[in-house]
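# Structure at a glance
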Amino acid sequence: MVVMNRITKAKTKRGKRALEVKEPKAIENVKSAVFVRGVKCSQAVQDCMKDISALKKPDSIAYNQKNDIRPFEDFSKLEFYSKKLDASLFCFGSHNKKRPNNMILGRMYDNHMLDMIELGLENFMPLNAFKTGKIATGTKPCLVFEGEQFADTTNLEMQRLKNLLIDFFRGPEVDNVRLAGIEHTLQFTSHENRVFMRSYKVLLKKSGQRTPRIELEEIGPRIDWVLRRTHMASEDLFKTACKQVKNVHKEKKIKNISEDAFGSKLGRLHVPAQEISKIQTRKVRALKESREEKQEKLAEEKEAKRRQEVEAVFGSDDGGGSEPEDMDES
């Protein structure tokens, strides 16, 4: 017996809103990330995942319980978490003798595995080790990538890792950026098969000029990764995942509406010809005819009617009979 896929319908308004959030959109929501630990996970990896989750907040979900998952062998449980939590990014931490301090960063497409990269944690300094001021939660960072490996377009692994890190930390999309709003900078430097992550707070100092002097203060975390195994999506699948609706970021042009140099919206209306005689207007007492005006109008109508009757009987003055001829004098 074949079981058909049932379409679940929301029974409450809250359920309807939840389904609308999960629906496909032309402009995506901010991608959420789920953090999962394996059966064995070192304290360094747990602290590193905790700090990355803090940078990702409020779009991060952390699972502290142990999970018997081997992503490169079976990633069905990670796909289940992605569908359940509507999270397209994940970070998995584990530790064993063959691959100590192991971290896996990956992402989903349509709740199915797209690609994932395994990184080994070589050096780590947590957030609380830096006794400096921190940034507000949810601050959009400025991402900086340096190194020949990130610039080399033929290096597929580093290009996908760069793309994955941008997806992971980019935050919400914005149209305008003010200078004082740039408070956080994440720097990723590549060297051979290693990636170094540094986090800085942007300080705006007085310079005596209109443009302030900028200083960077490291606030953590400080992470050194080494590249290990990878699971890459095919070119066709990757292009499908990156496909966007045409002209999605352009404003829809509305007919007969324009905008002037000052930003004011101007509209043009086309009104058809109106028959004023048939328009029902409001009756106002001030415009009502008085009794004297009615009597004068009635007298004029009677006089015009009397003249018409006289003309009908005797004829008009111009069309009267001929004058009598004078008789000849004898």
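What comes next concerns the included structure. Values in this document were obtained by computation on a predicted structure and should not be read as measured data.

Rules and cut-offs
Residues numbered from 1 in each chain as written. Predicted model: local features only at pLDDT ≥ 70, side-chain atom pairs only at ≥ 80, totals over all residues. Heavy atoms only, no water. Helix = DSSP H or I, 4+ residues; strand = E, 2+ residues; numbered from the N terminus. Rg over C-alpha atoms; globule rule 2.2 N^0.38 Å. Buried < 20%, exposed > 50% of the residue type's maximum accessible area, 1.4 Å probe, protein only. Contact = heavy atoms within 4.5 Å. Areas by Shrake-Rupley, 256 points an atom, 1.4 Å probe, with all protein chains shown as cover. Lys, Arg positive; Asp, Glu negative; His and termini not counted. Charge placed at Lys NZ, Arg CZ, Asp CG, Glu CD. Pairing = 2+ DSSP bridges. Polar contact = N/O pair within 3.5 Å; in protein donor to acceptor, adjacent residues only side chain to side chain. Salt bridge = Lys/Arg side-chain N within 4 Å of Asp/Glu carboxyl O. Expected span 1.5 Å × (residues − 1). Patch = residues over 30% accessible without salt bridge, like charges linked within 9 Å, V, L, I, M, F, W, Y side chains within 5 Å. Core = buried A, V, L, I, M, F, W, Y, C linked by side-chain atoms within 4.5 Å. Disulfide = S-S within 2.5 Å.

### With respect to the overall build of the chain
Helices and strands together make up the secondary structure of the chain, namely seven helices and twelve strands. Its C-alpha atoms give the chain a radius of gyration of 41 Å, clearly above 20 Å, the size a compact globule of 330 residues would have. Seen along its three principal axes, the alpha-carbon backbone of the chain occupies a region of about 165 × 80 × 45 Å. The buried share of the chain, reckoned over its 330 residues, is 27%. In the chain, the share of contacts with a sequence separation of at least 24, taken over all contacts with a separation of at least 6, comes to 66%. Of the roughly 25200 Å² of accessible surface on the chain, 50% is carried by carbon and sulfur atoms. Once the 62 positive and 50 negative side-chain charges of the chain are each reduced to a mean point, those two points are 17 Å apart.

### Examining the pairing of strand E1 (residues 33-37)
Among the five residues in E1, five count as buried, and that is most of the element. Across four bridges, E1 lies against strand E2 (residues 60-66) in parallel orientation. Of the residues in E2, the one forming a bridge with Ala33 is Ser60. Looking at chain direction, E1 and strand E3 (residues 89-94) are connected through five bridges and run parallel. Counted as the bridge partner of Phe35 is Cys91 from E3.

### Things to note about the side chain of His184
By secondary structure assignment, the location of His184 is in strand E7 (residues 184-191). Of note is the side chain of His184, whose polar atom sits 2.7 Å from the side chain of Ser199. The contacts of His184, once residues within four sequence positions are left out, are Leu55, Ile135, Thr139, Lys140, Pro141, Cys142, Ser199, Tyr200, Val202 and Ile219.

### Focus on the pattern of salt bridges
Tallied over the full model, the rule gives 13 salt bridges. The salt bridge involving Asp115 is made with Arg107; its shortest N-O contact spans 2.9 Å. Relative accessible area serves as the criterion here: at 3%, Arg107 is assigned to the buried category. Across the pair Arg198 and Asp224 runs a salt bridge, and its minimum N-O distance is 3.1 Å. Here Asp224 lies in strand E10 (residues 222-231) and Arg198 lies in strand E8 (residues 194-205), a separation of 26 residues in the sequence. For the residue pair Arg198 and Asp224, the accessibility class agrees, reading buried in each case.

### Looking at helix H7 (residues 291-314)
Here H7 is 24 residues long and its end C-alpha atoms lie 35 Å apart, about the 34 Å a rise of 1.5 Å per residue gives. Where burial is concerned, little of H7 is hidden: zero out of the 24 residues are buried. The positive-phi residue at the C-terminal boundary of H7 is Gly315, with phi of around 85°.

### What to know about a negative patch on the surface
Together, Glu289, Glu292, Glu293, Glu296, Glu300 and Glu301 make up a region of like negative charge exposed at the surface. Tracing the sequence through the fold places Glu296 in helix H7. Residue classification places Glu296 among the exposed residues on the basis of a relative accessible area of 52%.

### Points about the nonpolar core
A general trend in soluble globular proteins is that nonpolar side chains are found buried together. In terms of nonpolar packing, the biggest core is built from 30 residues, with Ile52, Phe168, Phe188 and Trp225 touching the most fellow members. When sequence neighbours within four positions are dropped, the list of residues in contact with Ile52 reads Phe35, Met103, Phe168, Phe169, Ile223 and Trp225.

### Brief notes about the state of the cysteines
Counted according to the given criterion, the structure contains zero disulfides. Unpaired in this structure, Cys41 has its nearest cysteine sulfur neighbour in Cys91, at a distance of 9.1 Å. With no disulfide of its own, Cys91 has Cys48 as its nearest cysteine by sulfur position, at a separation of 7.1 Å. The exposure class assigned to Cys91 is buried, which follows from its relative accessible area of 1%.

Geometry only, nothing functional implied.
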